[in-house]
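Commentary on secondary and tertiary structure
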Amino acid sequence: MNLRGKTALITGASRGIGRACALKLAESGADIAVNYSSNKVLAEEVVRMIRQMGRQAVAVQADVSRQKEAEAMVETAIDALGGLDILINNAGITRDALLIRMKEEDWVEVLNTNLSSVFFTTKAAVKYMMKKRRGRIINISSVIGMTGNAGQANYSASKAGIVGFSKSIARELAQRNILVNVIAPGFIETDMTNILSEKQKDAILSMIPLGRYGKPEDIANLAAFLASDESGYLTGQVIPVDGGMNM
């Protein structure tokens, strides 16, 4: 995929799936705004790696669950890179608990970080993309948003909300040549899965036909395709990358 001349903003890009997406899009030729919430060191490392590829990169701190910070982040990315062609909404957290034990703040924090942030950043980015009559928006959901999972009512609701949101705005923005698609990762080797016990990991692996966890690069490869001109007739779709778990 050739992304030369394109600019991308990726939320939660200092590690995991976001980091892999930032590096893959840069490898394909794009200039990258690397959003992070708190770990500046990791974000700057991603920026350094991108610049070594000969691409522009900038680290942008923002808590995307806060509207004003999300809007300022988009403006900063546009100013620093000279435009915005691609938005990948990847930032996400978990606060797992059974419903009966789930605290209100755990519900609110997960919904704000995982779902409200997508609304804030997308609305800000679309104002710019509509003027150009072109754009790519890629939202990272989860297979848990499609199947549900005990102990993750808040996470599942937030990821299912991303699907409904994305399909709605895909219809709204299609005539402006702004394409909106969703990637629904299965269990990927990230910080979120590293905290699982061996018993939990074995139980999960038994549900995956390919018999292994995915890697962040598996998501990044698809993101690069969706960001490219080769995906020009694809919008409003939810694409699972889960080793066959949800087929």
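Residues numbered from 1 in each chain as written. Predicted model: local features only at pLDDT ≥ 70, side-chain atom pairs only at ≥ 80, totals over all residues. Heavy atoms only, no water.

**Notes on the overall build of the chain**
- Looking only at helices and strands, the chain has nine helices and seven strands in total.
- Computed over the C-alpha atoms, the radius of gyration of the chain is 17 Å, within 12% of the 18 Å expected from 2.2 N^0.38 for a compact globule of 247 residues.
- When its C-alpha atoms are laid out on the principal axes, the chain stretches across 45 × 35 × 35 Å.
- For the chain, with 247 residues in total, the buried portion stands at 52%.
- Considering only contacts within the chain whose residues lie at least 6 apart along the sequence, 74% involve residues at least 24 apart. (Helix = DSSP H or I, 4+ residues; strand = E, 2+ residues; numbered from the N terminus. Rg over C-alpha atoms; globule rule 2.2 N^0.38 Å. Buried < 20%, exposed > 50% of the residue type's maximum accessible area, 1.4 Å probe, protein only. Contact = heavy atoms within 4.5 Å.)

**Section: the pattern of salt bridges**
- Enumeration over the complete set of coordinates arrives at ten salt bridges.
- Across the pair Arg 55 and Asp 31 runs a salt bridge, and its minimum N-O distance is 3.2 Å. Highlighted residues: Arg 55 in the loop between helix 2 (40-52) and strand 3 (57-61) and Asp 31 in strand 2 (residues 31-36), separated in sequence by 24 residues. Across the pair, Asp 31 and Arg 55 agree in class, each one buried.
- Overlapping salt bridges, with partners in common, bring together Lys 6, Arg 134 and Asp 229 in one network. (Salt bridge = Lys/Arg side-chain N within 4 Å of Asp/Glu carboxyl O.)

**Brief notes about unusual backbone geometry**
- Positive phi is not limited to glycine here, since Arg 133 has a value of about 55°.
- Following the sequence through the fold, Arg 133 ends up in the loop between helix 4 (104-132) and strand 5 (135-140).
- Taking relative accessible area as the criterion, Arg 133 reaches 47% and is therefore assigned partly exposed.
- Positioned with a positive phi, Asn 177 is a non-glycine residue whose angle comes to about 60°.
- Topologically, Asn 177 is positioned in the loop between helix 6 (153-173) and strand 6 (178-185).

**Some remarks on the nonpolar core**
- Counting residues in hydrophobic clusters, the biggest one holds 34 residues, and the most contacted among them are Ile 10, Leu 25, Ile 32, Val 34, Ile 50, Ile 88 and Ile 183.
- Going through the elements one at a time, strand 1 (7-10), helix 1 (16-27), strand 2, helix 2, strand 4 (86-89), strand 5 and helix 9 (216-227) are the ones with two or more residues in this core.
- Leaving out residues up to four positions away in the same chain, Ile 10 has contacts with Gly 18, Cys 21, Ala 22, Leu 25, Ile 32, Ala 33, Val 34, Asn 35 and Ile 88.
- If you look at the next biggest cluster of nonpolar residues, it comprises 27 residues, including Ala 62, Leu 81, Leu 84 and Ala 125. (Core = buried A, V, L, I, M, F, W, Y, C linked by side-chain atoms within 4.5 Å.)

**Focus: helix 3 (residues 67-81)**
- Here helix 3 spans 21 Å end to end across 15 residues, near enough to the 21 Å set by a 1.5 Å rise per residue.
- Regarding helix 3, the residues found buried are Ala 70, Met 73, Val 74, Ala 77, Ile 78 and Leu 81. Down the axis of helix 3, the buried side of the element spans an arc of 130°, and every buried residue falls inside it. Residues Lys 68 and Asp 79 are exposed on helix 3 and point more than 90 degrees away from its buried face.
- Those residues of helix 3 that are buried lie in contact with strand 1, strand 2, strand 3 and helix 4.
- Of the residues trailing helix 3, Gly 82 is marked for its positive phi of about 80°. (Expected span 1.5 Å × (residues − 1). Arc of directions from axis to C-beta.)

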